Amino acid sequence: NITDSDPDGRLTVTDKDVKLQEIALAKNEGKELTKEEKQRLRKEKKQHKKNKKDDKGPPEKEKEKEKASVPAPSKPATQSPAHKAAPAPVHASESAAAAEKPAKSKAELRAERRARQDSERTSKHGKKEGGQQSASSKPKATPNELQPVVKRLPEHVQVDDPAALKKLAKKLERQQVPLRSDYGYKVSLFSHLHQYSRKSPPTLQISIPATVIHPSIVRLGLQYSQGIIAGSNARSVALLHTFKQVIQDYSTPPNEELSRDLVNKLSPYISFLSQCRPLSASMGNAIKYIKKEISNIPSQCKEEEAKGKLQACIDSYINEKIILASEAISKYAIEKISDGDVILVYGCSSLVNHILCKAFEKQRKFRVIVVDSRPRLEGREALRRLVKKGIRCTYVLISALSYILPEVSKVFLGAHALLANGYVMSRVGTSQIALVAKAYNVPVLVCCETYKFCERVQTDSFVSNELDDPDDLIVTRNGKSHLENWQTVKSLGLLNLVYDVTPPDFVDLVITDLGMIPCTSVPVVLRVKNVDQ
Amino acid sequence: MPGADKETELSERIEAFLSELKRCGSGAGSLRGSAETARETTSLLRRITAQARWSNAGDLMEIIRKEGRRMTAGQPSETTVGNMVRRVLKIIREEYARSRGSTEEADQQESLHKLLTSGGSSEDNFRQHFTHLKANVIEAINELLTELEGTTDNISMQALEHIHSNEVIMTIGRSRTVEAFLKDAARKRKFHVIVAECAPFCQGHEMATSLSKEDIETTVIPDAAIFAVMSRVNKVIIGTQTVLANGGLRAVNGTHTLALAAKHHSTPLIVCAPMFKLSPQWDSALQELVLRSFCFLLPGEILSKVNAHCPVFDYVPPELITLFISNIGGNAPSYIYRLMSELYHPEDHEL
């Protein structure tokens, strides 16, 4: 008795019955659940509307939600590939589910519903995060079960797919965020990534004053795209402070709930920021946290109170995950620094600089070798900070590594993210340092806070990376710059990678705020964190 | 007197050559390739042979050794000068032995039996006078010069044997030998070249522009990205400044990192080096530092408080090298010591 959906795509009678039944049951279990049910209803309405326009996306979403709402893995119907006939299996399984329900006990139903909401909440967040049109790309396994998850590729690694580009353009248009165009000839190995020029920031196309995007977000995006704010921690902290400002200036429109509307408001901001510069793993985790906090605001909370609570949450996140974490890491790391050490550092990692300054204050006697590389030359900033503190420093470029390594006793490296398979994602050149240090038998220690741990896996530096402005490689020596007109030469390409991945066998120890762990224990930490949350 | 004129002219030329070497070393003069240096050294030695006053082979060898010591002292890192001097000394010995009538093999082999029976009198003193020695030596040096002129072509001719189509080749810095090698292969095959720019002087940029003009797909990467892109590279082809006696290299800085990355990914490392770069030196400790390069990188008040190092050369051990391609063909690094014994006489290793 599956009736066809009527022309404007409303739910069928059977569905509505099921829903009402569930809502009735849910009402006994608390108000929050009702809200969730309402949200789901609303979402499903939207889905069916979209079904008429866009065939591919929604049926898969349906499939996702169905999978979430029917947690038992023994439902192969939900996992069949999405077709235009998707609504039919959807309804079939829903009615099947409805038929099953009376057979289960109330406790089981409650557990089922909890699990469903958890995964739905995460799938909803995943949908809004990083500006993707389709469902979650960072699925979390519910604590009791390991669901087979369908991962969606993030947009920023699908540049070579015209369909994905069109989707993105449509979405950005809807959100009134300007689309940034790629610049220059891209090396064929990296044609799936964006390559932007610093000379054309996305803010050029925004009208002033910006109506859709908050001005402090515009400022932040500009700071990202011009490289004024760089470094994983700095970017996350700036993002969180800006969100505090946004929340401060936010006022709930009538007939809307703060918890829902604020999350919707944040969505175009995040798209804009990722157009300025692809989001880092730490930023992604921070955004997930904020969204969770926002949606957890109870609906009877007053606006001022809610805003105050959110700002306090953000402050405590920064304090716990970044500031206190770096104190804890320094404490552990200082145990590893002995008198007479020669420590090698690469580039400018705020955490490693902090560790070295703290160790110097604790009267440890050591000297530091700062390794730097073109074109960013971030080591100069690290050198400045260390010299100001009074630490004895040596400065070399990365090509002199083999020359300087016989003197070195330890290598301290910072990380941008730690991946779930134990690989360390960090500034390009880090893997090279780890490689040569291994060849000279020098211990390599990576320092990383746990909020940078990321569930992605990656084995090489090609599939997911960032391409910086290729014009940065141009340099003038002896009055001549050979690469000045590289655009005119057909077969010449410049490659300015930002990140690379270091295999775990090059890394001897990872120092985190939870302690000192080997590289391979990263998925354990991720699992523990998930259970806690 | 014409003799005195010739002598002064000769010493003038030697002085000019020495000062040219010193200037090139400090970077003030025009940068010269090693092939040019080798050719100029050899022509200078030929001139010495022709114009200096000597009556027997021993005298000539003394003169050449003396001038050779002066020239190598002027620029110790430019080893081709010393190599050519040793080649010429070997030529003189050979010509002398041929004039004397003894076979070459007997002289070359230092067998244990020979050492015991001769009792140390293999030393000839080279005091016998032969009229045609001068002409023979000059002719042999001319042959050496012809060989020198053809080295780059000989190496490039082997290019097609080592590069297949759609390969990705990585190189570092700028080497004229490798440039010619790749351009020769590009005439018939299509492949992709990745050039590491080799900071701080960034010679890789010149190499890349020169290669891309021949329609070779080139990509310039910063030194830090060497390991990141190595997994997609099929071969690493580099040039070198010197080939050491154990099969190791003294090459531009950054080459050791490149070699380690290639070893990690099991990518073959091919060195294109003509024979005149082969040096009997073993000391990889010789290192040259260039400090002036940092004045444009660091602001003054920091530069005064830190030590900055900028080495010019890297030592690459022979275990990391797969193949040497030279003008006489391809060789494994373990064979280098044998080639060296054919080029130089053991007594000339120390000038």
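Every chain begins its residue count from 1, and numbering advances along the sequence as written. Each chain takes a letter, starting from A, and each ligand takes a number, starting from 1, following the order in which they are written. Restriction of local features to residues with pLDDT of at least 70 applies here, the model being predicted, together with a cutoff of 80 or more for giving and counting side-chain atom pairs; totals for whole chains, interfaces and linings are based on all residues. No hydrogens and no water enter the side-chain calculation; it runs on all heavy atoms of the structure.

Some details on the overall build of chain A
Inference 1: Helix and strand counts for chain A stand at 16 helices and eleven strands.
Inference 2: Pairs at least 24 apart in sequence give 75% of the contacts found in chain A among residues at least 6 apart.
Inference 3: Calculation of accessible area relied on Shrake-Rupley with a 1.4 Å probe; when residues are assessed, cover is drawn exclusively from the protein chains displayed. For chain A, the accessible area works out to roughly 23,500 Å², and carbon and sulfur atoms hold 53% of it. The secondary structure listing takes helices from DSSP runs of H or I that are at least 4 residues long and strands from runs of E that are at least 2 residues long, numbered from the N terminus. Contact definition: two residues touch when any of their heavy atoms are within 4.5 Å.

What to know about the sheet that holds strand S2 (residues 366–372) of chain A
Inference 1: In this scheme, strands are said to pair when DSSP sees at least two bridges between them. Reading across the sheet, the eight strands line up as S11(A)-S10(A)-S7(A)-S4(A)-S1(A)-S2(A)-S3(A)-S8(B) and stay open at both edges, with mixed pairing between neighbours. Edge positions in the sheet fall to strand S11 (515–517) of chain A together with strand S8 (307–308) of chain B, since each of these pairs with one other strand and no more.
Inference 2: Where strand S3 (residues 392–397) of chain A lies against S8(B), two bridges are found, and the strand directions are parallel. Within S8(B), the position partnered with Tyr395(A) by the bridge is Ala308(B).
Inference 3: Geometry is summarised by axes, namely lines fitted to C-alpha atoms with helices restricted to the contacting stretch, and by angles between N-to-C directions that run from 0 to 180 degrees. Together, strand S1 (341–346), S2, strand S4 (410–414) and strand S7 (444–447) of chain A form the strand contacts of helix H15 (residues 430–439) of chain A, whose direction differs from that of S4(A) by roughly 160°.

Concerning the pattern of salt bridges
Inference 1: In the sections that follow, a salt bridge refers to a side-chain nitrogen of Lys or Arg positioned within 4 Å of a carboxyl oxygen of Asp or Glu. Summed over the entire model, instances satisfying the criterion amount to 35 salt bridges over all chains.
Inference 2: The closest approach of N and O atoms between Arg93(B) and Asp348(B), which form a salt bridge, is 2.7 Å. One end of the pair, Arg93(B), is in helix H4 (residues 79–100); the other, Asp348(B), is in the segment after helix H14 (336–343), and 255 residues separate them in sequence.
Inference 3: Residues Arg187(B) and Asp184(B) are paired through a salt bridge, measuring 3.2 Å at the closest nitrogen-oxygen approach.
Inference 4: Burial classification: accessible surface area is computed with a 1.4 Å probe over protein chains only, and a residue below 20% of its type maximum counts as buried, one above 50% as exposed, and the rest as partly exposed. For Arg187(B), a relative accessible area of 62% translates into the label exposed.
Inference 5: Each member of the salt-bridge network shares a partner with another, and the members are Arg198(A), Arg376(A), Glu378(A), Arg427(A), Asp468(A) and Asp472(A).

Quick look at helix H3 (residues 57–74) of chain B
Inference 1: Here a helix's expected span is defined as the number of its residues, less one, multiplied by 1.5 Å. Under the 1.5 Å per step criterion, the end-to-end length of H3(B) is 26 Å for 18 residues, consistent within 8% with the ideal 26 Å.
Inference 2: Turning to H3(B), its buried residues are Ala57(B), Gly58(B), Leu60(B), Met61(B), Ile64(B), Arg65(B), Glu67(B), Gly68(B), Met71(B) and Gly74(B).

Section: the packing of helix H8 (residues 232–249) of chain A against helix H11 (residues 303–336) of chain A
Residues and elements named next belong to chain A.
Inference 1: Close contact between H8 and H11 brings their axes to 9 Å; oriented N to C, the two are set at 170°. Here H8 is positioned roughly antiparallel relative to H11, judged by the angle of their axes. Here Asn233, Val237, Leu240, His241, Phe243, Lys244, Ile247 and Gln248 of H8 lie close against H11, whose contacting residues are Lys307, Leu310, Gln311, Ile314, Asp315, Tyr317, Ile318 and Ile322.
Inference 2: Looking at side-chain class alone, the contact of H8 with H11 contains nine nonpolar, four polar and three charged residues. Roughly parallel here means an angle under 35 degrees, roughly antiparallel means over 145, roughly perpendicular means 65 to 115, and every remaining angle is called oblique. Each residue is assigned to one of three groups, with Ala, Val, Leu, Ile, Met, Phe, Trp, Tyr, Cys and Pro labelled nonpolar, Asp, Glu, Lys and Arg labelled charged, and all others, Gly among them, labelled polar.

So, helix H12 (residues 350–361) of chain A
Residues and elements named next belong to chain A.
Inference 1: Between the first and last C-alpha of H12 there are 17 Å, a value that for twelve residues agrees with the 16 Å anticipated at 1.5 Å per step.
Inference 2: As for H12, its buried residues are in contact with H11, S1, S2, helix H13 (379–389), S4 and S7.
Inference 3: Just beyond H12, the residue with positive phi is Gln363, at close to 65°.

Brief notes about the sheet that holds strand S1 (residues 168–172) of chain B
Inference 1: Strands sit in the order S8(A)-S3(B)-S2(B)-S1(B)-S4(B)-S7(B)-S10(B)-S11(B) across an open sheet of eight strands; the sheet is mixed. Single-partner strands in this sheet number two, and they are strand S8 (492–494) of chain A together with strand S11 (329–331) of chain B. Averaged over all pairs of adjacent strands, the angle between their axes in this sheet comes to 25°, without regard to strand direction.
Inference 2: Summarising the sheet, S8(A) and strand S3 (residues 217–221) of chain B pair through three bridges and their orientation is parallel. Each bridged residue has a counterpart across the sheet, and for Leu492(A) the counterpart in S3(B) is Thr218(B).
Inference 3: Across the face of the sheet, helix H9 (residues 176–186) of chain B comes into contact with S1, strand S2 (192–196), strand S4 (235–238), strand S7 (269–272) and strand S10 (323–326) of chain B while running at roughly 130° to S4(B).

Side note on the side chain of Asp469(A)
Residues and elements named next belong to chain A.
Inference 1: As for its position among the elements, Asp469 is in the loop between S7 and S8.
Inference 2: Look at Asp469: it is buried, it has no salt bridge, and the nearest opposite charge is Arg198 at 4.9 Å.
Inference 3: As used in this structure description, the phrase polar contact means that two N or O atoms lie within 3.5 Å; if the pair is within protein, one of them must be able to donate a hydrogen and the other to accept it, and residues adjacent in sequence are counted only when both atoms belong to side chains. A distance of 2.9 Å separates a polar side-chain atom of Asp469 from the backbone nitrogen of Arg198.
Inference 4: Leave out the neighbours within four places in its chain, and Asp469 touches Tyr183, Tyr196, Ser197, Arg198, Lys199 and Asn496. By the counting scheme adopted, Arg and Lys are positive, Glu and Asp are negative, and His together with the chain ends is not counted.

Things to note about unusual backbone geometry
Inference 1: In the segment running from Arg374(A) into Pro375(A), the intervening peptide bond is cis, with an omega of -5°.
Inference 2: Looking at the element boundaries, Pro375(A) is found in the loop between S2 and H13.
Inference 3: Geometrically, the link from Ala199(B) to Pro200(B) is a cis peptide bond, its omega value of 0° lying close to zero.
Inference 4: As for its position among the elements, Pro200(B) is in the loop between S2 and helix H10 (203–213).
Inference 5: One non-glycine residue, Cys198(B), lies in the positive phi region at around 65°.
Inference 6: Along the chain, Cys198(B) falls in the loop between S2 and H10.

Points about the confidence of the model for chain A
All names here are of chain A.
Inference 1: Scored from 0 to 100, pLDDT reflects the predictor's confidence in each residue. Looking at chain A as a whole, the pLDDT averages 79, with 75% of positions reaching at least 70.
Inference 2: Considering only residues more than four positions removed or in separate chains, one finds that residues 1–6, a stretch of pLDDT under 50, has eight contacts.
Inference 3: Across residues 126–145 the pLDDT falls below 50, and counting only partners more than four positions away or on other chains, this stretch makes 50 contacts in the model.

Here we look at the confidence of the model for chain B
Inference 1: For chain B, per-residue confidence averages 85 on the pLDDT scale, and residues scoring 70 or more make up 86% of the total.
Inference 2: The complex model carries a pTM of 0.79, and its ipTM stands at 0.87.

Observations regarding the packing of aromatic side chains
Inference 1: Stacked, tilted and edge-to-face are the three classes assigned to paired rings of Phe, Tyr and Trp, where Trp is represented by its six-membered ring and a pair needs centres within 6.5 Å; plane angles under 30 degrees give stacked, over 60 edge-to-face, the rest tilted. Under the definition given, this model contains five aromatic pairs over all chains.
Inference 2: Consider the rings of Phe360(A) and Phe366(A), whose centres lie 6.5 Å apart with planes at 85°: the pair is edge-to-face.
Inference 3: Geometrically, the ring pair formed by Phe506(A) and Phe227(B) is tilted, given 5.8 Å between the ring centres and 55° between the ring planes. Of this pair, Phe506(A) sits in the loop between strand S9 (499–502) and strand S10 (509–512) while Phe227(B) sits in helix H11 (residues 226–230), which puts the two residues in different chains. Taken as a pair, Phe506(A) and Phe227(B) share a single burial class, namely buried.
Inference 4: Through pairs of rings, three or more aromatic residues link up here, namely Tyr289(A), Tyr317(A) and Tyr451(A).
Inference 5: Sitting over the face of the ring of Tyr332(A), Lys331(A) holds its NZ or CZ atom 5.9 Å from the ring centroid.
Inference 6: A ring is considered to have a charge above it if a Lys NZ or an Arg CZ atom is located within 6 Å of its centre and within 35 degrees of its normal. Looking at Arg232(B), its charged tip hangs above the ring of Phe462(A), at a distance of 4.4 Å from the centre.

Here's the deal with the packing of H4(B) against helix H7 (residues 133–157) of chain B
Residue and element names in this part refer to chain B.
Inference 1: For the pair H4 and H7, the least separation of the axes is 9 Å and the interaxial angle reads 135°. One way to sum up the angle between H4 and H7 is to call them oblique. Relative to H7, H4 is oriented so that their crossing is right-handed. Mapping the contact onto sequence places Met84, Arg87, Val88, Ile91, Ile92, Glu95, Tyr96 and Ser99 in H4 and Leu133, Asn136, Val137, Ala140, Ile141, Leu144, Glu147 and Leu148 in H7.
Inference 2: Here the residues of the contact of H4 with H7 are counted per class, giving eleven nonpolar, two polar and three charged. By convention the crossing between two helices is left-handed if the near helix lies anticlockwise of the far one by an angle smaller than a right angle, and right-handed if it lies clockwise.

Some thoughts on the environment of Arg198(A)
All names here are of chain A.
Inference 1: As for its placement among the helices and strands, Arg198 is situated in the loop between helix H6 (162–175) and helix H7 (215–225).
Inference 2: Placed 266 residues apart in sequence, Arg198 and Ser464 show a C-alpha to C-alpha distance of 20 Å.
Inference 3: Other than its neighbours up to four places away in sequence, Arg198 contacts Ser225, Gln226, Asp468, Asp469 and Asp472.
Inference 4: For Arg198, the side chain forms a polar contact with the side chain of Asp468, separated by 3.4 Å.

Digging into the environment of Arg384(A)
Residues and elements named next belong to chain A.
Inference 1: For Arg384, the position within the fold is in helix H13.
Inference 2: The sequence separation of Arg384 and Arg235 amounts to 149 residues, and the corresponding C-alpha distance is 20 Å.
Inference 3: Side-chain polar atoms of Arg384 contact the side chain of Glu381, separated by 2.6 Å.

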